[in-house]
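Residues per chain, in single letters:
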Amino acid sequence: MGKFFDDIKPQHESFIAAQKMFFVASAPLAAQGHINLSPKGLDSFRVFSSTRVGYLDIVGSGNETSAHILENGRITFMFCAFDGPPNILRLYGKGYTVLPTDPEWAELSAHFTLLPATRQIIVADIYKVQTSCGFGVPLYEYSGERDHAAKWAESKGREGLEIYKAEKNRVSLDGLPTDLAR
């Protein structure tokens, strides 16, 4: 049976820090819109306070999370224990995008190691935390991070990344604008 909390407790923060990956989910308001669920890694998640979190988002083939939270703010993060005792932790929040040109960028980006493909920081104010058993999550061994994103970004160069973002990251699959379109 799941347990609910109003904020992130110290044991939740410790669990989050120990995980090598997490998942982020968002959805548009339109019933026919695409629900987005993305795996994330690269030591990119931070707990800023018991009710605020964020992750460093890198350039990718789409920018669905940014579009969805711009439209409606809804965002969910999920962490699973792939080693050690079984556990699942979900964070429910209201999110927003912080771009390198935003006033909040300097303060938030200081919490991360910026990567060549850094695109934005997704921030969420958390209003509910849920833990559940995780008995069905298989055991896996962590063997390292992939370097494909860094190599790809370096091969594109700064100008190439800006062109790519303008072509691929300004609008969602459903035609919703992202914060990069502002």
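For the structure, see preceding data.
This write-up is about the structure you can find in this document.

Conventions used here
Residues numbered from 1 in each chain as written. Predicted model: local features only at pLDDT ≥ 70, side-chain atom pairs only at ≥ 80, totals over all residues. Heavy atoms only, no water. Phe/Tyr/Trp six-rings, centres within 6.5 Å; stacked < 30°, edge-to-face > 60°. Helix = DSSP H or I, 4+ residues; strand = E, 2+ residues; numbered from the N terminus. Buried < 20%, exposed > 50% of the residue type's maximum accessible area, 1.4 Å probe, protein only. Pairing = 2+ DSSP bridges. Core = buried A, V, L, I, M, F, W, Y, C linked by side-chain atoms within 4.5 Å. 1 Å grid on protein atoms, 1.4 Å probe; cavity = no way out; pocket = protein on both sides within 12 Å on 5 of 7 lines; lining within 4 Å. Points joined across faces, edges and corners; volume = space filled by probe spheres on them. Nonpolar A, V, L, I, M, F, W, Y, C, P; charged D, E, K, R; others polar. Contact = heavy atoms within 4.5 Å. Polar contact = N/O pair within 3.5 Å; in protein donor to acceptor, adjacent residues only side chain to side chain.

**A word on the packing of aromatic side chains**
Next up, step 1: All chains considered together, the criterion is met by 10 aromatic pairs.
Next up, step 2: Both rings, one in Phe 48 and one in Phe 112, keep their centres 6.3 Å apart while their planes meet at 90°; by these two values the pair is edge-to-face. Here Phe 48 is found in strand 4 (residues 45–49), whereas its partner Phe 112 is found in the loop between helix 3 (105–109) and strand 8 (118–132), with 64 residues between them in sequence.
Next up, step 3: Classification of Phe 112 as buried rests on a relative accessible area of 8%.
Next up, step 4: Ring centres of Phe 82 and Tyr 140 lie 5.8 Å apart, and the angle between their planes is 75°; on these two criteria the pair is classed as edge-to-face.

**A few points about the pairing of strand 8**
Next up, step 1: With 12 of 15 residues buried, strand 8 lies mostly within the body of the structure.
Next up, step 2: The pairing of strand 1 (residues 3–5) with strand 8 spans three bridges and is classified as antiparallel. Across the sheet, Phe 4 pairs through a bridge with Gln 130, a residue of strand 8.
Next up, step 3: Relative to strand 8, strand 7 (residues 88–98) runs antiparallel, the two sharing 11 bridges. Across the sheet, the residue bridging to Gly 93 is Ile 126, located in strand 8.

**Thoughts on the nonpolar core**
Next up, step 1: Phe 45, Val 53, Phe 77, Phe 79, Leu 91 and Ile 126 are the most contacted members of the largest nonpolar core, which totals 20 residues.
Next up, step 2: Those elements that place two or more of their residues in this core are helix 1 (10–18), strand 2 (22–26), strand 4, strand 5 (52–58), strand 6 (74–80), strand 7 and strand 8.
Next up, step 3: When residues in this core are grouped by element, the largest group, four residues, is from strand 8.
Next up, step 4: Core analysis: the second largest hydrophobic core is formed by seven residues, Val 98, Trp 105, Phe 112 and Val 123 among them.

**Details of the layout of surface pockets**
Next up, step 1: Of the volumes computed, that of the largest pocket is approximately 1300 Å³.
Next up, step 2: What lines the largest pocket is a set of 45 residues, among which Pro 39, Lys 40, Gly 41, Leu 42 and Glu 145 lie closest to the centre.
Next up, step 3: Of all the secondary structure elements, the ones that give two or more residues to the lining of the largest pocket are strand 3 (36–40), strand 5, helix 2 (64–71), strand 8 and helix 4 (148–168).
Next up, step 4: Ranked by residue count, the leading element in the lining of the largest pocket is helix 4, at five residues.
Next up, step 5: Per-class residue counts for the lining of the largest pocket are 20 nonpolar, 15 polar and 10 charged.

**Examining unusual backbone geometry**
Next up, step 1: Unlike most non-glycine residues, Leu 42 shows phi in positive territory, near 65°.
Next up, step 2: Structurally, Leu 42 can be placed in the loop between strand 3 and strand 4.
Next up, step 3: Residue Leu 42 is classed as partly exposed on the basis of its relative accessible area of 33%.
Next up, step 4: In this model, Asp 43 sits at a positive phi of 50°, which is unusual for a non-glycine residue.
Next up, step 5: Its location among the elements puts Asp 43 in the loop between strand 3 and strand 4.

**Examining the environment of Gln 120**
Next up, step 1: Examined against the element boundaries, Gln 120 turns out to sit in strand 8.
Next up, step 2: Each C-alpha atom, one on Gln 120 and one on Phe 15, is 24 Å from the other, the two residues being 105 residues apart in sequence.
Next up, step 3: Not counting residues within four places of it along the chain, the set of residues in contact with Gln 120 comprises Tyr 55, Leu 56, Asp 57, Asn 63, Ser 66, Thr 97, Val 98, Leu 99, Trp 105 and Leu 180.
Next up, step 4: Among the polar contacts made by the side chain of Gln 120, one reaches the side chain of Asn 63 at a distance of 2.8 Å.

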